[in-house]
Amino acid sequence: MSKRFNRRSRKAVIPLAVVCALLAGAALTGCGRQRDGSVYTVLNSSTDETYHRWDAEAMARCGERLGVTVEQQSVPAAQVMTKALRMASSKSLPDIVQFDASEMPVFAEAGGLTDLRTLGLDTGGVPRGIVNFGSYRGTYYGAARSVNTLALFYNKDLLGRAGLEVPTTWAELRETARELTRGKRYGLALSAGGAEDGVFQFTPFMWSNGGDETRLDGPRVVEALDYWKSLLKDGSLSKSTVGWTQADVNDQFMAGNAAMMINGPWQVETLNTKKSLHWGIARIPVPKPGAKSVAPLGGAVLTVPDTGDERRERMAGKIVGCLTSEREQLIYARHSWTVPANEKAAAVWRGQVPQLDALADQVAAARSRTARLGAGWPAVSLALQSAFQAALTGQSSQAALQRAQQRATSGNRGTPR
């Protein structure tokens, strides 16, 4: 079995003031040490052996094309921001940093990134939602190679034997999950853990119901959390869901302990190792027939730190341009089972992996978590995480989300919205 790799890893939440202080002396001061003019460094989170190899191969191809050597320095996803900040404080920032898109606005707000358009990167052919995914306050700082989102995965055999259709609405999902809950098997598995995984999984229910992250105690958000509580009350969700990551959810689905799950394409490689498991995917069910299923955009963006060395920044921009070219996006997307950011590449990808066509449809309507709050998103995420834990273990959704709104507002005090 291939290694389990959770692309929605726990992130370290670092106050904006700390980021600003550490970057204050790093930008526009050049490098703190002499560098080999033909060697460029990319800081990323590709610690998994397969992802590290795929990135190394892509960087080798681009390096050969541009006449330079491109090396990667990989650390766990939770450490990318802290590693970049330590390097900034010692004036040894890498040429390129691959941030999770939800973290990029914090670095951008502190003035640590370069506008990619000034380095010649064109956003033509990239959907507006994905351009916004890599932008902060209208400036394009991060180029995505591919994006991901969430979908409903289901066990075809279990639904077939029960004579059930794939659910498309909340009512259908609740009833189907109830019907498929038997013995030790739950009808549905999802992550409601106290980390970004749980928040990522809640957003499709919140957004598709008309909820808004700027008002966590609004009636539409309360309804969405109440819906999760109803699944738990039915016995269709395990009580352990409050502690599960998305990797844990996938384990339950593969073990036959869940008939359906909410998860992302980063699990496909592992799912395919179990030949006896016949799975399919569909859009995440919506509150009412005809409603739009809105899921979160996930993934990473390639950024060029502002070091003041314009020559190196220009070459770094060319490297980013190569890594995000249609050809390289398609190669990366086929490896990782994610959707290419470029529309033409995505169209080719649909034909190559038709079993994930529903995922591409979900991406088309997906939203960035930081689109409205920018650098204020981490405070909202932390507040929601606490709300899940409280509401799913007994507190009312209304009370839990009122507390979350108070925490988020306090945490975002002074943050532009």
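As a reminder, the structure under discussion sits directly above these lines.
Residues numbered from 1 in each chain as written. Predicted model: local features only at pLDDT ≥ 70, side-chain atom pairs only at ≥ 80, totals over all residues. Heavy atoms only, no water.

> Explain the sheet that holds strand E10 (residues 279-282) here, please?
Strands pair in a sheet through their backbones, by hydrogen bonds, and they do so in one of two ways: parallel or antiparallel. Spatially, E8-E9-E7-E10 is the arrangement adopted by the 4 strands of the open sheet, whose pairing is mixed. Each edge of the sheet is formed by a strand with only one pairing partner; in this case those strands are strand E8 (186-189) and E10. In this sheet, neighbouring strand axes are inclined to one another by 20° on average, regardless of whether the strands run parallel or antiparallel. Two strands pair when backbone bridges link them, and strand E7 (residues 151-155) and strand E9 (residues 258-263) are joined in this way by 4 bridges, in the antiparallel orientation. The residue bridging Phe153 from the neighbouring strand is Met261, located in E9. (Pairing = 2+ DSSP bridges. Helix = DSSP H or I, 4+ residues; strand = E, 2+ residues; numbered from the N terminus. Axes fitted to C-alpha atoms, helices over the stretch in contact; angles between N-to-C directions.)

> Just checking my understanding: could you explain the sheet that holds strand E1 (residues 39-44) for this structure?
Reading across the sheet, the 4 strands line up as E2-E1-E3-E11 and stay open at both edges, with mixed pairing between neighbours. Both edges of this open sheet fall to strand E2 (69-74) and strand E11 (300-303), since each of them pairs with a single strand only. Averaged over all pairs of adjacent strands, the angle between their axes in this sheet comes to 20°, without regard to strand direction. Judged from the 4 bridges that link them, strand E3 (residues 96-100) and E11 form a sheet pairing that is antiparallel. By the bridge assignment, Val97 is partnered in E11 with Thr303. Docked against the sheet, helix H2 (residues 49-66) engages E1 and E2, running at close to 160° with respect to E2. (Contact = heavy atoms within 4.5 Å.)

> Please clarify how the pattern of salt bridges should be interpreted in this entry.
Should the charged atoms of two oppositely charged side chains come close, the side chains can pair. Evaluation of the coordinates by the stated rule reveals 19 salt bridges. Linking Glu175 and Arg178 is a salt bridge whose minimum nitrogen-to-oxygen distance equals 2.8 Å. One end of the pair, Glu175, and the other, Arg178, are both in helix H7 (residues 170-180), 3 residues apart, so they sit about a helical turn from each other. In this structure Arg178 comes out as partly exposed when scored by relative accessible area, which is 34%. Connected through shared salt-bridge partners, Arg61, Arg65, Arg327 and Glu328 make up one network. (Salt bridge = Lys/Arg side-chain N within 4 Å of Asp/Glu carboxyl O. Buried < 20%, exposed > 50% of the residue type's maximum accessible area, 1.4 Å probe, protein only.)

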